[in-house]
Amino acid sequence: MTYSIKYWAVVPAAGVGKRMNADRPKQYLPLLDKTVIEHTLMRLLKADVFSAVAVAISEEDPYWPELDIASNEKVITAAGGKERADSVLSALKAIRTLASDDDWVLVHDAARPCITTIDIIHLINSLKTDDVGGILALSSHDTLKNVQGDFIVETLDRRHIWRALTPQMFRYGLLKSALEAAEGNPAITDEASALELKGLQPKIVEGRPDNIKITRPEDLALAQFYMEHQND
Ligand code: CTP
Ligand code: MG
């Protein structure tokens, strides 16, 4: 019997959104006709490549069960964790009986609702024959400074600096073992950093600049602007 490689989406959505300073976690704030997380999940489902989407949700979250998408047949709910990496690991464990070690997992922030099918397919096509995997990223247009206190100590070589976005795409088995090995390490702020800690070198795939992360209040208006101008 031949086994064909599957694709899984993992969505960490158990953060509190401190920097957003709103009355609820930012993934539940309204954006056009839906909440932020509904946009994110619908766009992942619309790409039509994932066997399922595993979403990590905080145990104290009263908003999630109210959403229709929580009972979508392709959506699996997992418990959230203390840090983002703990939430991702929990979602990976929730699909462990379904996924094979060689399957691909695309981890995507709930707080990035402007993700396009174009970027998802571009990431998959760029990495599907790769051994390690990689991430969507953006180069920096600004000149970048290394600062100590209030003083610039050097100007960085911009050609070597990229901003890490999501999705980040790795093999199920490798990603799970890398996150398990890195558990409790505060330096692991994305999936790629867990693989880097293993001595591996994830690839960079240039993403679209409209794939923003909603972090501060002004980002909602920007996300709305992008959504109104995307034809995806
Ligand atoms: N996340 C998570 N579990 C955590 C922390 C974060 O699943 N313990 C998720 C968030 O819900 C978000 C993604 O990871 O979708 C990216 O994190 P970030 O933008 O930092 O979100 P928050 O941690 O919620 O925001 P803040 O850092 O401002 O509190
Ligand atoms: Mg955070």
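What you see is a predicted model; the values in this text were computed from it and never measured.

Undergrad: For this particular structure, what's the right way to read the pairing of strand 1 (residues 7-12)?
TA: Successive residues of a regular strand alternate their side chains across the two faces of the sheet. Across the six residues that make up strand 1, a large majority, six, are buried. The alternating pattern of strand 1 places Tyr7, Ala9 and Val11 on one face and Trp8, Val10 and Pro12 on the opposite face, and all of these are buried. Direction of pairing for strand 1 relative to strand 4 (residues 53-57): parallel, over a ladder of four bridges. Opposite Pro12, over in strand 4, you have Ala56 as the bridge partner.

Undergrad: What's the story with the site of ligand 1 in this structure? I'm lost.
TA: In the vicinity of ligand 1 there are 19 residues, among which Gly17, Lys18, Lys26, Ser87 and Lys213 approach most closely. Gly81 places a main-chain nitrogen or oxygen 2.9 Å from a nitrogen atom of ligand 1. A distance of 2.8 Å separates a nitrogen atom of ligand 1 from a polar backbone atom of Lys82. Protein burial of ligand 1: of its 570 Å² of free accessible surface, 87% is covered by the chains. Considering only residue class, the shell around ligand 1 consists of six nonpolar, five polar and eight charged.

Undergrad: Just checking my understanding: could you explain unusual backbone geometry for this structure?
TA: Leaving glycine aside, a negative phi is the common case for residues, and trans is the common case for peptide bonds. The omega torsion across Thr166 and Pro167 is 5°, close enough to zero to call that bond cis. Within the fold, Pro167 resides in strand 10 (residues 162-171). Phi angles above zero are rare outside glycine, and Asn21 is one such case at about 55°. Within the element layout of this structure, Asn21 appears in the loop between strand 1 and strand 2 (30-31). On the basis of relative accessibility, which here comes to 70%, the residue Asn21 falls in the exposed class. In this structure, Asp48 is a non-glycine residue whose phi angle is positive, near 60°. Along the chain, Asp48 turns up in the loop between helix 1 (36-46) and strand 4.

Undergrad: Explanation requested: the environment of Asp131 in the structure shown.
TA: Among the structural elements, Asp131 can be located in the loop between helix 3 (117-127) and strand 7 (133-139). Spatially, the C-alpha atoms of Asp131 and Tyr172 are 12 Å apart, while their sequence positions differ by 41 residues. Asp131 has contacts with Arg171 and Leu174, leaving out every residue within four places of it along the chain.

Undergrad: Help me understand the side chain of Asp219 in this model?
TA: Summarising the element assignment, Asp219 is placed in helix 6 (residues 218-229). Although Asp219 is buried, it forms no salt bridge, and the closest oppositely charged side chain is Arg216 at an N-O distance of 6.1 Å. Once you skip the residues sitting within four places of it in the chain, Asp219 turns out to touch Ile212, Lys213 and Ile214.

Reading guide: rules and limits
- Residues numbered from 1 in each chain as written.
- Chains lettered and ligands numbered in written order.
- Predicted model: local features only at pLDDT ≥ 70, side-chain atom pairs only at ≥ 80, totals over all residues.
- Heavy atoms only, no water.
- Buried < 20%, exposed > 50% of the residue type's maximum accessible area, 1.4 Å probe, protein only.
- Helix = DSSP H or I, 4+ residues; strand = E, 2+ residues; numbered from the N terminus.
- Pairing = 2+ DSSP bridges.
- Near = heavy atom within 4 Å.
- Polar contact = N/O pair within 3.5 Å; in protein donor to acceptor, adjacent residues only side chain to side chain.
- Areas by Shrake-Rupley, 256 points an atom, 1.4 Å probe, with all protein chains shown as cover.
- Nonpolar A, V, L, I, M, F, W, Y, C, P; charged D, E, K, R; others polar.
- Contact = heavy atoms within 4.5 Å.
- Lys, Arg positive; Asp, Glu negative; His and termini not counted.
- Salt bridge = Lys/Arg side-chain N within 4 Å of Asp/Glu carboxyl O.

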